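Listed here are the chains, written in short residue letters.
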Amino acid sequence: MRPALVFVGFMGAGKTTLAKEAALLLGGAPAADSDRLVEEEAGCSIEELFDRDGEAAFRALEERTACELLERADGGIVSLGGGAVLSSATRSALARHTVVLCEIGIELAWSRAAGKGRPLARDREAFTALYEERRSLYERLADAFLPEGARDALAAALPQLVALADAPEGTKLVWAQSASGDYPVLVGRGVLGGVGWPIEGRRFCITDETVAPLYGGLVPGLAGLVEIPPGEQAKTLATTEAVWRALVAQGATRADHLIALGGGVVGDLAGFAAATFQRGIPVVQVPTTLVAQVDSAYGGKTGVDLPEAKNYVGAYHQPSAVLVDPTTLSTLPAEEFAAGYAEVLKTALIAGGPLWEKVAAGRDVDDATILACARTKLAVVAADERDGGRRQLLNLGHTVGHAIETVTGYTRLRHGEAVGLGLLAALALSGQSQLREEVAALLGRAGLPTKIAAIDPAEVAAATMKDKKRTGEHVPFVLVDGPGDVHHGRTVGAPELLAAITELVG
Ligand SMILES: NC(=O)c1ccc[n+]([C@@H]2O[C@H](COP(=O)([O-])OP(=O)(O)OC[C@H]3O[C@@H](n4cnc5c(N)ncnc54)[C@H](O)[C@@H]3O)[C@@H](O)[C@H]2O)c1
């Protein structure tokens, strides 16, 4: 029997509507809704059943209905009531299916569910508690994540949702949204070479000399390949020109696309080359470092460094797809993995909640952490693609971090190492001394520096003034009031900035 696409999610997430539309788009595939079947069997509405027989009776009928439905489903579409996944029998019956989580924020959920005869949407406080309680359950079960408002994207997302059944076991799909376009993000061991290529056209791979022999052979059906030298020093306009010219020599056209196979340097540079080659061709990001898998591959910021300042020339260019294969991290040198940990810490501080708790507890970075970081970043970018507001949160630790990279000529520290130091400066500026100590301990445990020798704090402070976010006299800072409580656009005084940087010297 074939797996069904099973839509789950909180009240008001639009599961039933999405399921109906999916069935239509799949040419009239069979579709079933567990709530409707429960009502048919009970001979009354769910609200009446709740009031007449109580929640326990409703749950028992819901479990029986959902399990029968899932056991006999052979392909097709199913939508489950919001609480159906509370049953362990239903969760077991879901195992052979593709579970699609229809995400929704609490505000929208309440506005859609309250006053509509839903028995569990009568009291706002209880509703919020239920939302928090169920969220992690849905996330654990989900094979695919459709963000709030993904209805318009359903036609594009459906082939990817259906194809998940043939992807390597455990592969997750996150549907990424931004003002300029949507794209699939696939996270799974073996996706590189193990899934159908997500977009049409000839492929030209841009990678670096370290990654090419390791993973270049896993990208199927390449029309061409360009290698650049590894490392930040290669992230220049000169290298980009070499890539453009190699693409011309290899016969790339506007109908083709690039693949950025490598770390953040390759991702940023190949993304920029794609944004500009013949005025723009698509790019598929295939990140192979932790920095790139948790952060840089998503969100469409591309570009190169100038000797004067980092990431100073570039373009927004969203990828057409991102393929994240955590098995590639097995060959990553320990120092590079550690550098990625700084971006994990940054993302966890922004996210707060379960991700912060897991990271703060010192747990190892696993595939679930990579997925959680990707989802955090994608949610921020979906709200603000072009750095007008919320996206600036992602610069936490980067203002001082970039300044340190610039004054050290991009040679002494890895990007992630500089970000770790920048996080400590941001926490000092936030007046969060205890959290600063906690983060310093986590950085130290990961083998990352918490001090830097032979550096002039005044020079670093001066370099922060070249930060791209500066619009007038002041450079806006991202400061932290607590995990999950991070704010952009804050002003800091020159003496405080100097003190926070001086604290890093040693
Ligand atoms: N665009 C964004 O939103 C964004 C976000 C964060 C960081 N960045 C950028 O990312 C860059 C840093 O990225 P990075 O830390 O990945 O550096 P990187 O790309 O230089 O990779 C680090 C090193 O690891 C090697 N490598 C890559 N994958 C490997 C693998 N699987 N096995 C063995 N070796 C491997 C590379 O050859 C390189 O030597 C910086 O330039 C930073 O500005 C961009």
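These figures come from a predicted structure and were not determined experimentally.

**What about the site of the ligand?**
In the region of the ligand, 29 residues are neighbours, and Asp208, Glu232, Thr288, Thr289 and Lys310 sit closest. Thr289 has a polar side-chain atom sitting 2.5 Å from an oxygen atom of the ligand. About the coverage of the ligand: the protein hides 92% of its 860 Å² of free accessible area. Residue assignment for the shell around the ligand shows that the elements contributing at least two residues are α9 (211-215), α11 (264-276), α12 (290-296) and α13 (334-351). Partitioning the shell around the ligand into residue classes produces 8 nonpolar, 11 polar and 10 charged.

**So, the domain arrangement of the chain**
Domain boundaries assigned for the chain yield domain 1 (5-166), domain 2 (183-332) and domain 3 (384-502). A straight line from the C-alpha centre of domain 2 to that of domain 3 covers 27 Å. Contact with domain 2, which involves 16 residues of that partner, is made by 13 residues of domain 3. The contact between domain 2 and domain 3 buries some 1400 Å² in all, and 51% of this surface belongs to carbon and sulfur atoms. Among the residues of domain 2 in contact with domain 3, Lys301, Lys310 and Tyr316 are the three that bury the most area, contributing 40% of the side total. Taken together, the links from domain 2 to domain 3 amount to 2 salt bridges. A salt bridge links Lys301 to Asp387; its shortest N-O distance comes to 2.7 Å. Across the domain 2-domain 3 interface, the total number found is 7 residue pairs in polar contact (both at pLDDT 80 or more). Here the side of domain 2 that touches domain 3 is built from residues that sort into 6 nonpolar, 5 polar and 5 charged.

**A few points about the pattern of salt bridges**
Counted under the stated rule, the structure contains 32 salt bridges. Across the pair Glu41 and Arg64 runs a salt bridge whose closest N-O atoms are separated by 3.2 Å. In this pair, Glu41 sits in helix α2 (residues 34-42) while Arg64 sits in helix α4 (residues 55-72), placing the two residues 23 residues apart along the sequence. Take Arg64: its relative accessible area is 42%, and that puts it in the partly exposed class. Arg135 is the salt-bridge partner of Glu132, the closest N and O atoms lying 3.1 Å from each other. Placement of the pair is Glu132 and Arg135 together in helix α7 (residues 124-141), with a separation of 3 residues, close to one helical turn. For Arg135, a relative accessible area of 35% corresponds to the partly exposed category. Taken together, the shared-partner salt bridges in this structure form one network comprising Glu232, Lys235, Asp268, Asp305, Lys310 and Glu405.

**Quick word on the nonpolar core**
By size, the foremost hydrophobic cluster in this structure holds 140 residues, and its most contacted members are Phe7 and Val185. Among the elements that line this core, the one with the most residues is helix α17 (residues 415-429), at 9 residues. Those residues within four positions of Phe7 in sequence are excluded, and the remaining contacts are Lys15, Leu18, Ala19, Ala22, Ile77, Val78, Ser79, Leu80, Val100, Cys102 and Leu146. Core analysis: the next-biggest nonpolar cluster, separate from the first, contains 20 residues, Leu269, Ala270, Ala273 and Ile281 among them.

**With respect to the packing of helix α6 (residues 106-113) against α7**
With their axes 11 Å apart at the nearest point, α6 and α7 run at an angle of 130° to one another. The orientation of α6 relative to α7 falls into the category oblique. In this structure, α6 crosses over α7, and the sense of that crossing is right-handed. Residue-level inspection shows Ile106, Glu107, Ala109, Trp110 and Ala113 of α6 in contact with α7, the latter providing Arg124, Phe127, Thr128 and Tyr131.

**Concerning α2**
For α2, the set of buried residues is Ser34, Asp35, Val38 and Ala42. The buried residues of α2 occupy an angular sector of 100° when the element is viewed end-on, so they sit on one face. Looking at the buried side of α2, the elements it contacts are β2 (31-33), α3 (46-53), α4 and β3 (77-79). The N-cap of α2, judged by a side-chain oxygen 2.9 Å from the amide nitrogen of Asp35 a few residues on, is Asp33. Count one or two residues on from α2 and you reach Gly43, which has phi positive near 75°.

Quick notes on the rules
Residues numbered from 1 in each chain as written. Predicted model: local features only at pLDDT ≥ 70, side-chain atom pairs only at ≥ 80, totals over all residues. Heavy atoms only, no water. Near = heavy atom within 4 Å. Polar contact = N/O pair within 3.5 Å; in protein donor to acceptor, adjacent residues only side chain to side chain. Areas by Shrake-Rupley, 256 points an atom, 1.4 Å probe, with all protein chains shown as cover. Helix = DSSP H or I, 4+ residues; strand = E, 2+ residues; numbered from the N terminus. Nonpolar A, V, L, I, M, F, W, Y, C, P; charged D, E, K, R; others polar. Domains from an automatic or database assignment. Contact = heavy atoms within 4.5 Å. Buried area = accessible area lost by both parts, 1.4 Å probe. Salt bridge = Lys/Arg side-chain N within 4 Å of Asp/Glu carboxyl O. Buried < 20%, exposed > 50% of the residue type's maximum accessible area, 1.4 Å probe, protein only. Core = buried A, V, L, I, M, F, W, Y, C linked by side-chain atoms within 4.5 Å. Axes fitted to C-alpha atoms, helices over the stretch in contact; angles between N-to-C directions. Parallel < 35°, antiparallel > 145°, perpendicular 65-115°, else oblique. Left-handed = near helix turned anticlockwise from the far one by under 90°. Arc of directions from axis to C-beta.

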